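# Working through the structure, step by step
Here are the chains, one letter per residue:
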Amino acid sequence: MNRTYWKSWLSCALIRAVKTVAQTAVATIGTGAVLSGVDWVAVASASLLAGVLSLLTSVAGLPECKEE
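Here the structure is a predicted model, which means the values were calculated and not measured.

### Examining the overall build of the chain
Check the secondary structure of the chain and you find 2 helices and 0 strands. Rg of the C-alpha trace for the chain: 15 Å, well past the compact-globule value of 11 Å for 68 residues, more than 25% over. For the chain, the spread of C-alpha atoms along the three principal axes comes to 50 × 15 × 15 Å. A buried classification covers 22% of the 68 residues belonging to the chain. Within the chain, residue pairs in contact and separated by at least 24 positions form 73% of the contacts whose partners lie at least 6 positions apart. Total accessible area on the chain is roughly 4,900 Å²; 69% of this is exposed by carbon and sulfur atoms. Distance between charge centres in the chain, computed from 5 positive and 4 negative side chains, equals 6 Å.

Here is the structure:
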């Protein structure tokens, strides 16, 4: 595992985390809009937590990031 691998892994992990944050934000905003009103602090909190969990899950492996 060389430096190129880690750069590739980090890129894959960050892309996955950004997608997860966006999906969580959309779901939380949609749910809030249907129920009563959007709680922006809750949206930010849930989205940030989802991003952190995505990065931690990426440590177990990223199928889209092939080891050379």
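So much for the structure itself; the text now carries on.
### Describing the packing of aromatic side chains
Going through the model one piece at a time under the given rule, you end up with 2 aromatic pairs. Both rings, one in Trp6 and one in Trp9, keep their centres 6.1 Å apart while their planes meet at 70°; by these two values the pair is edge-to-face. Of this pair, Trp6 and Trp9 both sit in helix H1 (residues 3-35), 3 residues apart, which is roughly one turn of that helix. Given a relative accessible area of 45%, Trp6 falls into the partly exposed group. Through a chain of ring-to-ring contacts, three or more aromatic side chains come together here, namely Tyr5, Trp6 and Trp9.

### Examining the side chain of Ser47
Along the polypeptide, Ser47 turns up in helix H2 (residues 40-58). Residue class for Ser47 comes out buried when judged on its relative accessible area of 6%. A distance of 2.8 Å separates a polar side-chain atom of Ser47 from the backbone oxygen of Val43.

### Considering H2
Between its first and last C-alpha, H2 extends 27 Å over 19 residues, near the 27 Å set by a 1.5 Å rise per residue. Among the residues making up H2, those that are buried are Val43, Ser47, Ala50, Gly51, Ser54 and Ser58. An end-on view of H2 places all buried positions within 100° of arc, on one side of the element. Among the exposed residues of H2, those oriented more than 90 degrees off its buried face are Val41, Leu48, Leu49 and Leu56. Each element contacted by the buried residues of H2 is listed here: H1.

Rules used in this analysis
- Residues numbered from 1 in each chain as written.
- Predicted model: local features only at pLDDT ≥ 70, side-chain atom pairs only at ≥ 80, totals over all residues.
- Heavy atoms only, no water.
- Helix = DSSP H or I, 4+ residues; strand = E, 2+ residues; numbered from the N terminus.
- Rg over C-alpha atoms; globule rule 2.2 N^0.38 Å.
- Buried < 20%, exposed > 50% of the residue type's maximum accessible area, 1.4 Å probe, protein only.
- Contact = heavy atoms within 4.5 Å.
- Areas by Shrake-Rupley, 256 points an atom, 1.4 Å probe, with all protein chains shown as cover.
- Lys, Arg positive; Asp, Glu negative; His and termini not counted.
- Charge placed at Lys NZ, Arg CZ, Asp CG, Glu CD.
- Phe/Tyr/Trp six-rings, centres within 6.5 Å; stacked < 30°, edge-to-face > 60°.
- Polar contact = N/O pair within 3.5 Å; in protein donor to acceptor, adjacent residues only side chain to side chain.
- Expected span 1.5 Å × (residues − 1).
- Arc of directions from axis to C-beta.

By themselves these figures say nothing about function.
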